[in-house]
Amino acid sequence: MDLNRWLGEATQAVQDWSADFGPYEPHLALKVTDEAFAPVFADFTDRLRDNYPFFHPRYAGQMLKPPHPAAVVGYLTAMLINPNNHALDGGPATARMEREAVAQLAAMFGFDTHLGHLTTSGTIANLEALFVARESHPGKGVAYSAEAHYTHGRMCGVLGMEGHAVPADDAGRIDLLALEQVLGTGRVGTVVLTVGTTGLGAIDPVHRALPLCRRYGARVHVDAAYGGFFTLLAGADGPEALAPEPWRAVADCDSVVIDPHKHGLQPYGCGAVVFRDPEVGRFYLHDSPYTYFTSTELHLGEISLECSRAGAAAAALWLTFQLLPPTPQGLGRVLAAGRRAALRWAELIDASDLLTLYQQPELDIVSYFPAVEPAVLSAVDHASARILSDGMTARDAVFVSTLRASADAFARRHPKIDRDTDGARILRSVLMKPESEHHVEQLHTAVERLI
Ligand SMILES: *Cc1c(COP(=O)(O)O)cnc(C)c1O
């Protein structure tokens, strides 16, 4: 699609709609001339050049990429009206779009019933899930794997709940024996399982953890902020297929969080939390003299911790889903390409004398480290950091990221590297753009050249 064309159509469509309300004079206080705007805009766009090329396949670092053009057009068009999805009164159209898009997410996870909404981020979405967990399991703490996102510990602090970090196994998944021990203390009311850890993309065995948690009466929340859309590859055909069991089990958990601003092609400001039991809405009850719910239909602000939220974020997601729905044949094809890219790069690294795979990728994150002499942890750390920074400035630039591995975690995977420090940075590449699939060989060569 031609972005310039549709941005033009966007302003036209909103101008046409505005015209229905009759002419009015914009206030002089807001007046900015094109002559005044031009130099400021030039300066602004110049400053924006200080960025990394997230859009380009040679960028294989953090979880960053631009939104799909459909999302851009959806966002900007709705933003010209600027609805607030707190209430239907803040913009009925985008509130309904939000409910439809969230229903698509709930269906993707196999929830028969649901209550959910978009949030500003995965962090806020997880905060809501833990808030509901606190209300439903008062006085009890939360267990999550040591590899879970750092904000779970932080949000436990915010909510005044006890957080328990459970050790991870050799593949970076929650250790079920350790989890059972923690559950056995009777102090845990909620377990967070991560399908796709942020560091390595490891998938906690939801299907095995869930019955265990239920035996102890624990609530189960799934953090799928990063990995959620990979459920579209569960049981697929082809090399990108994922073992379906953990993904299918998500349908029986109590809540799930997903970040459309990661793999859902959305601009930032789009997380989502979905609860299986709509009854949890009762925990959000509030009253205020300035909220303005003028109908009995559900207002999103009635089931959300946040007040104002961008209706434009819902518009962008809804419009994107019309074209690339969260189905195997829609967004699934985008995820599949990144996953194949990760598998291919893992093969190349495995065959390389200059690089070693840290662990086999489970999703689209490749973890690896350079060969070093002497084979000690501090040398791995040093070389990884150097490759990260040299890569950014090389003539044939390549952008990767680093991940800190503890000496224990490292030794369990690579016992031949001597531990002379308590941990090391390794290299990490998130291949979340489908274009990566056709760029893996170049990426591999570019990284090898830096060694
Ligand atoms: C990214 C991420 C988060 C935090 O989400 P934000 O949208 O960055 O706030 C939480 N959990 C996991 C597993 C993540 O990957």
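Computed from a prediction, not measured in an experiment: that's the story for all the values here. (Residues numbered from 1 in each chain as written. Predicted model: local features only at pLDDT ≥ 70, side-chain atom pairs only at ≥ 80, totals over all residues. Heavy atoms only, no water.)

Participant: Looking at this structure, how should I read the site of the ligand?
Facilitator: Around the ligand there are 13 residues in total, and Thr123, Thr198, Asp223, Asp259 and Lys262 lie nearest to it. In the environment of the ligand, an oxygen atom lies 2.9 Å from a nitrogen or oxygen atom belonging to the side chain of lysine 262. Burial of the ligand by the protein amounts to 88% of the accessible area it has alone, namely 380 Å². Of all the elements in the fold, those that place two or more residues in the shell around the ligand are α5 (122-136) and α10 (260-263). (Near = heavy atom within 4 Å. Polar contact = N/O pair within 3.5 Å; in protein donor to acceptor, adjacent residues only side chain to side chain. Areas by Shrake-Rupley, 256 points an atom, 1.4 Å probe, with all protein chains shown as cover. Helix = DSSP H or I, 4+ residues; strand = E, 2+ residues; numbered from the N terminus.)

Participant: Could you clarify how one ought to interpret a nonpolar patch on the surface in this entry?
Facilitator: A contiguous nonpolar patch, built from Val32, Phe37, Phe41, Phe44 and Leu48 and spanning about 500 Å² of accessible area, is present on the exposed surface. You can see valine 32 is positioned in the loop between α1 (3-19) and α2 (34-48). (Patch = residues over 30% accessible without salt bridge, like charges linked within 9 Å, V, L, I, M, F, W, Y side chains within 5 Å. Salt bridge = Lys/Arg side-chain N within 4 Å of Asp/Glu carboxyl O.)

Participant: In this structure, what is going on with the side chain of aspartate 254? I would like to understand it.
Facilitator: Position of aspartate 254 among the secondary structure elements: in the loop between α9 (245-249) and β6 (255-258). For aspartate 254, a relative accessible area of 14% translates into the label buried. Within the structure, the side chain of aspartate 254 is placed 2.7 Å from the backbone nitrogen of valine 220, a separation counted as a polar contact. (Buried < 20%, exposed > 50% of the residue type's maximum accessible area, 1.4 Å probe, protein only.)

Participant: Is there a simple way to think about the nonpolar core in this case?
Facilitator: Across soluble globular proteins, you tend to see nonpolar side chains buried next to one another. Residues Leu179 and Val191 are the most contacted members of the largest nonpolar core, which totals 60 residues. Each residue touching valine 191, except ones within four places of it in the same chain, is listed here: Ala143, Leu179, Leu183, Cys213, Ala218, Arg219, Val220 and His221. In this structure, Phe131, Val132, Leu159 and Tyr284 belong to the second largest nonpolar core, which totals 26 residues. (Core = buried A, V, L, I, M, F, W, Y, C linked by side-chain atoms within 4.5 Å. Contact = heavy atoms within 4.5 Å.)

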